[in-house]
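Listed below are the residues making up each chain.
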Amino acid sequence: MRLRQNMIRFIVKLLSDISHSIGARLLLLVFTLGTVLLNSNFLGESGLGEVALLQFGILLVTGMSGFVAAGAVVYVRRSHRAVDIRKIAYLWCVFSSFIAAGGGVLLEIIPAVWLYASAGLGLLQSLVVFHSQLLIASGRIRANNHLHLVQTSFLLIAVSFTYLLFNFTSPTGFMWSLAFALGVSVIFSLAALSGSWNEAPTSGEIYKGSPTPLLFRYGANGSTGSILQLLTNRANLSLLDHFIGSAGAGVYSVVYYGVEAVWTIARALAPIVNTEVAAATSHIERHFITKSYLRRVLLMTLPLAILSAIVPESIYSWIFGIEGIAQPLRILVPGMLAGATSSILAHHMSAIGLHKWNARTSALGLVTLVSVGWISIPEYGVPGAALAASCAYCMQGLGLYWVWFKAGREEN
């Protein structure tokens with residue numbers, strides 16, 4: 001009887017977390033759309049391109065910080081307390097902010113003008129990501145959702161004041177708005193974690209050794225995958241800026257926001273997959289969990305992908321004030337579906353310690369993107385970038401499916 005009651009409580013909590021995560025993601029979508037609309041109407045295509053390249057630099061920093069402070073945190077929290085992980089994670093975040101931003105400028109991936117902004121804002125974003133992973137590891141899905149809502153809502157508020165009240169309508173104005181939102185997010189995340197730093201490991205068993213080797217061991221593979229995934233998602237911006245200028249990067253940044261909107265459900269459910277699979281005790285249970293989430297994601301993502309494809313160009317042009325959005329979104333429909341399922345499968349791999357396969361399949365996606373994009377972007381511009389991205393997401397998805405089936409057979 002007690003076992004049945006505990007199972008009922010678990011199912012109720014799980015359904016509650018799922019609905020809360022989806023609701024939070026929909027709110028995130030609304031807040032992000034508001035920011036995109038303000039940027040597109042006040043900054044124009046070139047300004048959008050500059051903002052996209054700044055955000056690319058920030059993501060490079062967070063990608064490198066994830067070698068310790070993201071990809072492996074949920075897994076290592078099974079054997080260590082949060083306080084044991086904190087010091088090395090913070091030190092690595094600071095180190096990453098200098099190295100990644102400087103490397104991005106040296107490689108001409110991001111403009112030199114955004115060097116210091118990428119480093120500083122990237123550091124703040126890295127701290128938010130680390131705290132977010134700690135919340136996910138402890139099963140506090142709602143607190144993690146609230147953290148992301150705080151960042152996007154305060155960014156929208158700050159951008160609104162900056163553009164409408166202070167008439168500071170430039171990429172630099174957006175930069176200061178983002179700094180404010182990230183500062184608030186760091187404070188909120190620290191408050192959310194207050195009192196939980198010394199909680200026992202999530203497995204209930206304490207490992208007395210240092211967490212650093214584990215963080216680097218599993219984080220290296222996980223974050224290599226994250227950086228490669230970041231490059232797969234965003235390298236089109238640099239290619240477009242190189243071949244046709246920042247205006248092309250600006251248009252594609254709006255297209256990519258559309259892709260992320262379609263991925264709303266997958267992004268909402270993926271952290272729950274990570275938590276549940278990590279806590280599962282058998283291969284059959286892990287496989288069942290992931291399979292059920294894959295089914296849900298496909299059923300809920302397909303209508304969104306179709307909707308994005310059937311909206312006419314005139315509507316997109318009226319909403320965002322720029323042209324050339326509809327055709328790239330239609331080209332990206334197969335990639336949207338592949339990317340949504342890839343998110344679920346990648347979190348499954350992270351939960352069972354197979355981070356290396358996330359890295360390898362992300363590398364496959366990046367090679368595909370650059371190979372196709374180098375030919376298609378000079379010829380077709382933004383639609384060519386969409387074709388390259390769609391091919392990359394499909395190749396990555398196929399790779400993850402193959403690994404998922406292979407891992408399942410080996411565990412049997």
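Residues numbered from 1 in each chain as written. Predicted model: local features only at pLDDT ≥ 70, side-chain atom pairs only at ≥ 80, totals over all residues. Heavy atoms only, no water.

Draft legend 1. Representation of the pattern of salt bridges within the structure. With the rule as written, the count across this model stands at two salt bridges. Between Asp84 and Arg81 there is a salt bridge; the shortest N-O distance is 3.0 Å. Under the relative-accessibility criterion, Asp84 is labelled partly exposed at 28%. Between Arg267 and Glu260 there is a salt bridge, and its shortest N-O distance comes to 3.7 Å. (Salt bridge = Lys/Arg side-chain N within 4 Å of Asp/Glu carboxyl O. Buried < 20%, exposed > 50% of the residue type's maximum accessible area, 1.4 Å probe, protein only.)

Draft legend 2. Structural view of the packing of helix α9 (residues 264-279) against helix α13 (residues 333-351). Where α9 contacts α13, the axes come no closer than 8 Å and their chain directions differ by 25 degrees. By the angle class used here, α9 and α13 are roughly parallel. As for how α9 packs across α13, the hand of that crossing is right-handed. Residue-level contacts link Ala266, Leu269, Ala270, Pro271, Val273, Asn274, Val277 and Ala278 of α9 to Ala340, Ser343, Ile344, His347, His348, Ser350 and Ala351 of α13. Its residues placed into classes, the contact of α9 with α13 shows 10 nonpolar, five polar and no charged. (Axes fitted to C-alpha atoms, helices over the stretch in contact; angles between N-to-C directions. Helix = DSSP H or I, 4+ residues; strand = E, 2+ residues; numbered from the N terminus. Parallel < 35°, antiparallel > 145°, perpendicular 65-115°, else oblique. Left-handed = near helix turned anticlockwise from the far one by under 90°. Contact = heavy atoms within 4.5 Å. Nonpolar A, V, L, I, M, F, W, Y, C, P; charged D, E, K, R; others polar.)

Draft legend 3. Highlighting the nonpolar core. The biggest cluster of nonpolar side chains holds 73 residues, and the ones touching the most others in it are Tyr252, Leu269, Ile325, Leu332, Met336 and Ile344. The element best represented in this core is helix α15 (residues 382-411), accounting for 10 residues. Excluding residues within four positions of it along the chain, Leu332 makes contact with Val255, Val259, Ala386, Ala389, Ser390 and Tyr393. (Core = buried A, V, L, I, M, F, W, Y, C linked by side-chain atoms within 4.5 Å.)

Draft legend 4. View of the environment of Leu164. Tracing the backbone shows Leu164 in helix α5 (residues 141-165). For Leu164, a relative accessible area of 56% puts it in the exposed group. Separated by 212 residues in the primary sequence, Leu164 and Ser376 place their C-alpha atoms 39 Å from one another.

Draft legend 5. A look at the packing of helix α3 (residues 82-106) against helix α4 (residues 115-137). Two elements in contact, α3 and α4, have axes whose closest approach is 9 Å; the angle formed by their N-to-C orientations is 150 degrees. As far as their axial angle goes, α4 and α3 are roughly antiparallel. With respect to the hand of their crossing, α3 and α4 are arranged in right-handed fashion. Only Leu115, Ser118, Ala119, Leu123, Ser126, Leu127, Phe130, His131 and Leu134 of α4 make contact with α3, whose side of the interface consists of Ala82, Ile85, Arg86, Ala89, Tyr90, Cys93, Val94, Ser97, Ala101, Gly102 and Val105. A class-by-class count of the residues in the contact of α3 with α4 yields 14 nonpolar, five polar and one charged.

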